[in-house]
Amino acid sequence: ILGVLATHHRSAPGELLETHRLFAAGWPEERATVESARARVYTTVHRLRKLGLGLALRSGVDGFGLDPAVTLC
């Protein structure tokens, strides 16, 4: 999921990715209810924040993304 967020950040800085797109990236070919998919993505984002990416990750009604101020190498 972090890879997808980084790739999206390079092409559209500041734009959020929808939860269903992140679920599809993190669990390809897996089916889940909307609630289950959302919970998996939220849990993963929460873990990324705890791993030190708290200030770099943005969330909103539209989904998740990297802060536009973040510079990727």
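Residues numbered from 1 in each chain as written. Predicted model: local features only at pLDDT ≥ 70, side-chain atom pairs only at ≥ 80, totals over all residues. Heavy atoms only, no water.

A. Representation of the pattern of salt bridges within the structure. Per the counting criterion, the structure on display carries two salt bridges. Residue R40 pairs with E30 through a salt bridge whose shortest N-O separation is 2.4 Å. One end of the pair, R40, is in helix 3 (residues 34–53); the other, E30, is in the loop between helix 2 (19–26) and helix 3, and 10 residues separate them in sequence. For R40, a relative accessible area of 27% corresponds to the partly exposed category. According to the relative accessible area criterion, E30 is partly exposed, its value standing at 35%. (Salt bridge = Lys/Arg side-chain N within 4 Å of Asp/Glu carboxyl O. Helix = DSSP H or I, 4+ residues; strand = E, 2+ residues; numbered from the N terminus. Buried < 20%, exposed > 50% of the residue type's maximum accessible area, 1.4 Å probe, protein only.)

B. Focus on the environment of E18. Structurally, E18 is set in the loop between helix 1 (2–11) and helix 2. The partly exposed category is assigned to E18, whose relative accessible area is 32%. Spatially, the C-alpha atom of E18 lies 15 Å from that of P28, the residues being 10 residues apart in sequence. Look past the residues within four positions of E18 in its chain and what remains in contact with it is D62 and G63. (Contact = heavy atoms within 4.5 Å.)

C. Summary view of helix 1. Three or more residues of helix 1 are buried, namely L5, A6, H8 and H9. Burial along helix 1 is one-sided: seen end-on, the buried residues are contained in an arc of 165°. Residues T7, R10 and S11 are exposed on helix 1 and point more than 90 degrees away from its buried face. In this fold, the buried residues of helix 1 make contact with helix 2, strand 1 (57–60) and strand 2 (63–66). (Arc of directions from axis to C-beta.)

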